[in-house]
Amino acid sequence: MNILSIEKDVKYNFKFKKQFQEILDVFARVLNYKTNLKVDVLITNNKGIKIISNDYRNIDKETDVLSFPFNFDNQTIETLGFNFLGEIILSYEKIQEQAKKFNHSIKREFCFLFAHGLVHLSGRDHKKNEKEEEDFNSIVNEIIEKVKIFRKN
């Protein structure tokens, strides 16, 4: 069983834990993980994500999602019985802004960015070259389609 831990450092009524769990499970199947996964999620606001981005990436601006991978060795994974992929940080304020801007639902924007963050935790990047960006986006889109999260829902 994949483990999802969601924390909030703000007063925000997060409603999509069930969808996040489904996305994590589909992600594990799509990328053929053989062990259970664990992912931590922090829901914050623009101010919180800007501080974290500045502290850890030296980028002094808010963003929608940050991913911090954590890679265990195989012996540690066997001992624990799961693979801790890392932490994903989401700004609910930025997500609300983008949902409005792109004419998506809040649910779709949260779920899309969570899937996006998971693909980063798997070690993939979309900023290196066009081929990697295409592969990255293909994985995110496959996950989102399998959980039936469309632009308007």
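No experiment lies behind these values; they were computed from the predicted model shown.

*Asks:* So what exactly am I meant to see when it comes to the overall build of the protein here?
*Replies:* A count of helical and extended segments in the protein gives six helices and four strands. Along the protein, helices and strands appear, N-terminal first, in the series β-α-β-α-β-α-β-α-α-α. A compact globule built from 153 residues would reach a C-alpha radius of gyration of about 15 Å, and the protein, at 15 Å, matches this within 12%. Taking all 153 residues of the protein together, 48% fall into the buried category.

*Asks:* When you look at the nonpolar core in this model, what are you seeing that I'm missing?
*Replies:* A general tendency of soluble globular proteins is for nonpolar side chains to be buried together. Ranked by internal contacts, the top residues of the largest apolar core, which has 39 residues, are Phe20, Leu90, Phe110 and Phe114. Contributions of two or more residues to this core are made by α1 (17–30), β2 (36–44), β4 (82–91), α4 (92–102), α5 (106–121) and α6 (130–146). No other element matches α5, which puts nine residues into this core. Sequence-distant contacts of Phe20, defined by excluding residues within four places in its chain, comprise Leu4, Ile6, Phe14, Val41, Leu90, Phe110, Cys111 and Phe114. If you look at the next biggest cluster of nonpolar residues, it comprises five residues, including Leu42, Ile52, Leu66 and Ile89.

*Asks:* Just to check I follow, could you spell out the sheet that holds β2 for this structure?
*Replies:* The strands making up a sheet are joined through hydrogen bonds of the backbone, oriented either antiparallel or parallel. Reading across the sheet, the four strands line up as β1-β2-β4-β3 and stay open at both edges, with mixed pairing between neighbours. Whereas interior strands pair on both sides, the edge strands pair on one side only; in this sheet they are β1 (3–8) and β3 (65–69). Ignoring which end each strand starts from, the neighbouring axes of this sheet average 15 degrees apart. One ladder, built from five bridges, connects β3 with β4; its direction is antiparallel. When the bridges of β4 are listed, Phe68 appears paired with Glu87.

*Asks:* Teacher, can you tell me more about the packing of aromatic side chains here?
*Replies:* Two measures describe an aromatic ring pair: the distance that separates the ring centres and the angle between the ring planes. A full pass over the atoms with the stated rule returns eleven aromatic pairs. The interplanar angle of 70 degrees and the centroid separation of 5.2 Å between the aromatic rings of Phe14 and Phe110 together place this pair among those described as edge-to-face. Linking Phe14 in the loop between β1 and α1 with Phe110 in helix α5, this pair joins segments that are 96 residues apart in sequence. Accessibility classification places Phe14 together with Phe110 in one group, the buried group. Here the aromatic rings of Tyr56 and Phe68 are separated by 5.6 Å at their centres, their planes lie at 70 degrees, and the arrangement is edge-to-face. Here Tyr56 is found in helix α2 (residues 46–57), whereas its partner Phe68 is found in strand β3, with twelve residues between them in sequence. On the basis of relative accessible area, Tyr56 is assigned to the exposed category, the value being 62%. Judged by its relative accessible area of 25%, Phe68 falls in the partly exposed class. Members of the aromatic cluster, joined through ring pairs, are Tyr12, Phe14, Phe16, Phe20, Tyr92, Phe110 and Phe114.

*Asks:* Looking at this model, I keep getting lost on the environment of Val147. Mind explaining?
*Replies:* The topology assignment puts Val147 in the segment after α6. Separated by 117 residues in the primary sequence, Val147 and Val30 place their C-alpha atoms 12 Å from one another. Among residues more than four places away in sequence, those in contact with Val147 are Glu22, Ile23 and Val26.

*Asks:* I keep staring at the pairing of β1 and nothing clicks. Help me out?
*Replies:* Consecutive side chains of a regular strand alternate in pointing toward one face of the sheet and then the other. Sheet analysis places β1 next to β2, joined by six bridges and oriented parallel. The residue of β2 that forms the bridge with Ile3 is Lys38.

The rules behind the values
Residues numbered from 1 in each chain as written. Predicted model: local features only at pLDDT ≥ 70, side-chain atom pairs only at ≥ 80, totals over all residues. Heavy atoms only, no water. Helix = DSSP H or I, 4+ residues; strand = E, 2+ residues; numbered from the N terminus. Rg over C-alpha atoms; globule rule 2.2 N^0.38 Å. Buried < 20%, exposed > 50% of the residue type's maximum accessible area, 1.4 Å probe, protein only. Core = buried A, V, L, I, M, F, W, Y, C linked by side-chain atoms within 4.5 Å. Contact = heavy atoms within 4.5 Å. Pairing = 2+ DSSP bridges. Axes fitted to C-alpha atoms, helices over the stretch in contact; angles between N-to-C directions. Phe/Tyr/Trp six-rings, centres within 6.5 Å; stacked < 30°, edge-to-face > 60°.

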